[in-house]
Amino acid sequence: MKSFVEACEKLPRWAKFLLTLLGDIFANIYRLCRSIAKGNVLGIILAVVLLITGGFFILWIVDLVVIIIKGDVWWID
């Protein structure tokens, strides 16, 4: 998990934006792996709920804006 998170963090800003623009699945899987790597139980539960329920749309827009501004996917840590 840590190697996946590190690889995603090393991606250039445009690649993160493009992957998130194509579908927020990338960002949600990244959130899940990031929470698992840090041992954040609340983050794991919320990421799984987002994946199952399809709570993609609202966070999809937030992710695109945050990637443009900050360069990373937004998540609780």
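Scroll up a little and you will see the structure.
All of these numbers come straight from a predicted model, not from anything done at the bench.

Caption draft 1: Examining the packing of aromatic side chains more closely. Under the defined criterion, the tally for this structure stands at 2 aromatic pairs. Ring plane angle 15° and centroid distance 6.5 Å describe the contact between Phe26 and Tyr30, whose orientation is recorded as stacked. Of the two residues, Phe26 and Tyr30 both sit in helix α3 (residues 25–38), 4 residues apart, roughly one turn of that helix. Tyr30 shares its class with Phe26; the two are buried.

Caption draft 2: Broad picture of the nonpolar core. One finds Val5, Cys8, Phe26, Ala27, Tyr30, Cys33, Ile67 and Val73 forming the largest nonpolar core, which totals 8 residues. The set of elements that each furnish at least two residues to this core consists of α1 (2–10) and α3. Top contributing element to this core by residue count: α3, with 4 residues. In contact with Val5, not counting residues within four places along its chain, are Tyr30, Cys33, Arg34 and Ala37. Formed by 5 residues, the second largest nonpolar core is a distinct cluster that contains Ala47, Leu50, Leu59 and Trp75.

Caption draft 3: Examining a nonpolar patch on the surface more closely. Together, Leu42, Leu46, Phe57, Ile58, Ile61, Val62, Val65, Ile68, Ile69, Trp74 and Ile76 make up an exposed nonpolar region whose accessible area comes to about 1,000 Å². Put simply, the parts of the chain that give the nonpolar patch at least two residues each are α4 (41–53) and α5 (57–69). With 7 residues, α5 is the largest single contributor of residues to the nonpolar patch. By secondary structure assignment, the location of Leu42 is in helix α4.

Caption draft 4: Fine view of the side chain of Arg31. Within the secondary structure, Arg31 is located in helix α3. Only 3.1 Å separates the side chain of Arg31 from the backbone oxygen of Trp74, close enough to count as a polar contact. Once you skip the residues sitting within four places of it in the chain, Arg31 turns out to touch Asp24, Ala47, Leu59, Asp63, Val73, Trp74 and Trp75.

Thresholds, definitions, all that
- Residues numbered from 1 in each chain as written.
- Predicted model: local features only at pLDDT ≥ 70, side-chain atom pairs only at ≥ 80, totals over all residues.
- Heavy atoms only, no water.
- Phe/Tyr/Trp six-rings, centres within 6.5 Å; stacked < 30°, edge-to-face > 60°.
- Helix = DSSP H or I, 4+ residues; strand = E, 2+ residues; numbered from the N terminus.
- Buried < 20%, exposed > 50% of the residue type's maximum accessible area, 1.4 Å probe, protein only.
- Core = buried A, V, L, I, M, F, W, Y, C linked by side-chain atoms within 4.5 Å.
- Contact = heavy atoms within 4.5 Å.
- Patch = residues over 30% accessible without salt bridge, like charges linked within 9 Å, V, L, I, M, F, W, Y side chains within 5 Å.
- Areas by Shrake-Rupley, 256 points an atom, 1.4 Å probe, with all protein chains shown as cover.
- Salt bridge = Lys/Arg side-chain N within 4 Å of Asp/Glu carboxyl O.
- Polar contact = N/O pair within 3.5 Å; in protein donor to acceptor, adjacent residues only side chain to side chain.

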